[in-house]
Amino acid sequence: MDPIDTGSGSILKQPKAVWATAGASVVAFMGIGLVDPILPSIAEGLDATAGQVSLLFTSYFLITALAMLVTGFVSSRIGGRKTLLLGLALVVVFAGLSGTSGSVGEMVGFRAGWGLGNALFVSTALAVIVGAAAGGSAAAILLYESALGLGMACGPLLGALLGDASWRYPFFGTAALMAVGFVCIAAFLKEQPRPARKTSLLDPVKALGHGGLASTAVSAFFYNYTFFTVLAFTPFVLNMSPYRSGAVFFAWGVLLAVFSVIVAPRLQKRFGSLKVLGGSLVLLAADVLVLGYGGHTAAVVCTVLSGALIGVNNTVYTELALGVSDAPRPVASAGYNFVRWFAAAAAPFFAPKIEEWSDVHMPFTVAAVTAALGALVVLVRRRSLTAEAEELQPVHATEDGVGVFAN
């Protein structure tokens, strides 16, 4: 299938409301990797250790995980448009405050507020795009995932360009861009129909009672530990200037986008979702081992190549999470993300601690083990996943943002 022609229309022919939401989505996903190339600069500017600065990821994703129980509750009561605007407003405020931080503690707190706003926005954006898009849901999903990939690729680049002058500027830049997104959505997006049934706070937890969804979430938990060890800890290992680090993670993000949107569906069609997922996790385990134990050039190459494997994993995990149970997609997605984002919060905290307790190689050994554990869960629980996986159509539908990241 042509990446632009979805069979029912072009993703380029969309209402202004869709483009406003998609544009804001790009900036929202940029915020995930924005701090990557400037982590060493932040540590130097605030006289902090690598472990302290890594808490910027921990606070962000811990709140994101907990917020997954809240987003459906909120959006089903106040509507998608108001939820998007609330999320954007929180990001504008807390991203701006992050740039004014005088200590790591202050920034960790501000990043937590940023995580809440981002969770409210990205968990609602796909549903809004699907509701407002022309050309059917396939065009809307492709547009959303394209926004995710573009944001993940451009975040480190923006962080490097602005961070070369001062580590504070990327935060102010993000706040300004999200403010533009707020104005565009307020101007162009009309309120979407509210769901017939309001979502309770416990619905996502109850959805995890399904064996297939629980297995997917546990496997994704282990995988996300590996993913965010690469994202949050590798910049300290590479020890490069913001420009060079930004270039590395820009290339990483480009591969993530290409393999998520284009390559993963073709691999699934040929080999099946579970074989692709298991093989990709094993390759990711090998990749991070070489990253940790090879020389500097090997670390750079393996960091970039990990983007391809992460892109494949994100797509397959998302499809499994949204198709493996009979729960409504937003509810299943919230339950799945509630589990997996805890690993995204844990990895940035534990990786520097593990280095302190042992050496710089050991965090990557642990990350390789967790990737292998993710593959083991898929293998052991394949019976609960096989029937559903065989029925999945590789349209990489996402309800959460991380590509799913479920992304």
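Residues numbered from 1 in each chain as written. Predicted model: local features only at pLDDT ≥ 70, side-chain atom pairs only at ≥ 80, totals over all residues. Heavy atoms only, no water.

**Student:** Mind showing me how you'd approach the nonpolar core here?
**Tutor:** Generally speaking, a soluble globular protein has its nonpolar side chains buried in company with each other. Core analysis: the largest hydrophobic core is formed by 114 residues, its most contacted members being I42, F61, F121 and I185. At 13 residues, helix 13 (residues 329-357) tops the list of elements feeding residues into this core. (Core = buried A, V, L, I, M, F, W, Y, C linked by side-chain atoms within 4.5 Å. Buried < 20%, exposed > 50% of the residue type's maximum accessible area, 1.4 Å probe, protein only. Helix = DSSP H or I, 4+ residues; strand = E, 2+ residues; numbered from the N terminus.)

**Student:** What am I meant to see in the packing of helix 10 (residues 242-271) against helix 11 (residues 273-293) here?
**Tutor:** The relative placement of two packed helices is expressed as an angle between their axes plus a distance between the axes. Close contact between helix 10 and helix 11 brings their axes to 7 Å; oriented N to C, the two are set at 120°. In terms of their interaxial angle, helix 10 and helix 11 are classed as oblique. Listed contacts from helix 11 to L267, Q268 and F271 of helix 10 are S273, K275 and V276. Taken together, the residues that form the contact of helix 10 with helix 11 break down as 3 nonpolar, 2 polar and 1 charged. (Axes fitted to C-alpha atoms, helices over the stretch in contact; angles between N-to-C directions. Parallel < 35°, antiparallel > 145°, perpendicular 65-115°, else oblique. Contact = heavy atoms within 4.5 Å. Nonpolar A, V, L, I, M, F, W, Y, C, P; charged D, E, K, R; others polar.)

**Student:** Mind showing me how you'd approach the packing of aromatic side chains here?
**Tutor:** The description of an aromatic ring pair rests on the distance of the ring centres and on the angle between the ring planes. The tally for this structure, following the rule as stated, stands at 16 aromatic pairs. Relative to F364, the ring of F233 lies with its centre 5.6 Å away and its plane at 50°, an arrangement referred to as tilted. Separated by 131 residues along the polypeptide, F233 in helix 9 (residues 211-238) and F364 in helix 14 (residues 362-380) bring together distant segments of the chain. Each member of the pair, F233 together with F364, is buried. Three or more aromatic residues link up through ring pairs in this structure, and these residues are Y60, F61, W114, W167, F171, Y223, F227, F228, F249, W252, Y317 and W341. A cation sits over an aromatic face here: R77 above F73, 3.7 Å from the ring centre. Against the face of W341 rests R340, its NZ or CZ located 4.3 Å from the ring centre. (Phe/Tyr/Trp six-rings, centres within 6.5 Å; stacked < 30°, edge-to-face > 60°. Lys NZ or Arg CZ within 6 Å of the ring centre and 35° of its normal.)

**Student:** Explanation requested: the environment of L62 in the structure shown.
**Tutor:** Within the element layout of this structure, L62 appears in helix 3 (residues 50-78). In this structure L62 comes out as partly exposed when scored by relative accessible area, which is 34%. Remark: the alpha-carbon pair of L62 and F342, spanning 280 residues in sequence, is separated by 5.9 Å. Those residues in contact with L62 that lie beyond four places of it in its chain are F342 and A345.

**Student:** Teacher, can you tell me more about the side chain of R340 here?
**Tutor:** Among the secondary structure elements, R340 is positioned in helix 13. In terms of polar contacts, R340 uses its side chain to reach the side chain of N337, at 2.6 Å. (Polar contact = N/O pair within 3.5 Å; in protein donor to acceptor, adjacent residues only side chain to side chain.)

**Student:** Help me understand the packing of helix 3 against helix 13, please; the structure alone is not making it clear to me.
**Tutor:** Remark: helix 3 packs on helix 13, axes separated minimally by 8 Å, with the N-to-C direction vectors making an angle of 170°. In terms of orientation, helix 3 and helix 13 fall into the roughly antiparallel class. Tallied by class, the residues present in the contact of helix 3 with helix 13 amount to 18 nonpolar, 5 polar and no charged.

**Student:** For this particular structure, what's the right way to read a nonpolar patch on the surface?
**Tutor:** A contiguous nonpolar surface patch, about 520 Å² in accessible area, is contributed by L157, L161, Y243, F250, V254, V258 and I262. Contributing elements (two or more residues each) for the nonpolar patch: helix 6 (136-163) and helix 10. The leading source of residues in the nonpolar patch is helix 10, at 5 residues. (Patch = residues over 30% accessible without salt bridge, like charges linked within 9 Å, V, L, I, M, F, W, Y side chains within 5 Å. Areas by Shrake-Rupley, 256 points an atom, 1.4 Å probe, with all protein chains shown as cover. Salt bridge = Lys/Arg side-chain N within 4 Å of Asp/Glu carboxyl O.)

**Student:** Would you explain helix 3 in this entry?
**Tutor:** An α-helical turn contains 3.6 residues, so any two residues separated by three or four positions project in the same direction. For helix 3, which comprises 29 residues, the first-to-last C-alpha distance of 40 Å matches the rise-based estimate of 42 Å (1.5 Å per residue) to within 8%. Most pronounced at M68, the bend in helix 3 amounts to some 45°. Positive phi shows up at G79, right after helix 3, with a value of about 95°. (Expected span 1.5 Å × (residues − 1). Bend = angle between axes of the 7 residues up to and from the residue.)

**Student:** What am I meant to see in helix 13 here?
**Tutor:** Over its 29 residues, helix 13 extends 42 Å from the first C-alpha to the last, a length consistent with the 42 Å expected when each residue adds 1.5 Å. A bend of about 30° at A346 is the largest found in helix 13, and the proline P348 appears one to four places after it.

**Student:** Teacher, can you tell me more about unusual backbone geometry here?
**Tutor:** Excluding glycine, a negative phi dihedral is what most residues carry, and trans is how most peptide bonds are arranged. A positive phi angle is found at D47, which is not glycine, with a value near 55°. Examined against the element boundaries, D47 turns out to sit in the loop between helix 2 (39-45) and helix 3. A positive phi angle, near 50°, is found at N239, a position not held by glycine. Here N239 is to be found in the loop between helix 9 and helix 10. On the accessibility criterion, N239 (60% relative accessible area) is exposed.

**Student:** Looking at this model, I keep getting lost on the environment of S75. Mind explaining?
**Tutor:** Examined against the element boundaries, S75 turns out to sit in helix 3. Sequence separation of S75 and L120 is 45 residues, and the distance between their C-alpha atoms is 8.3 Å.

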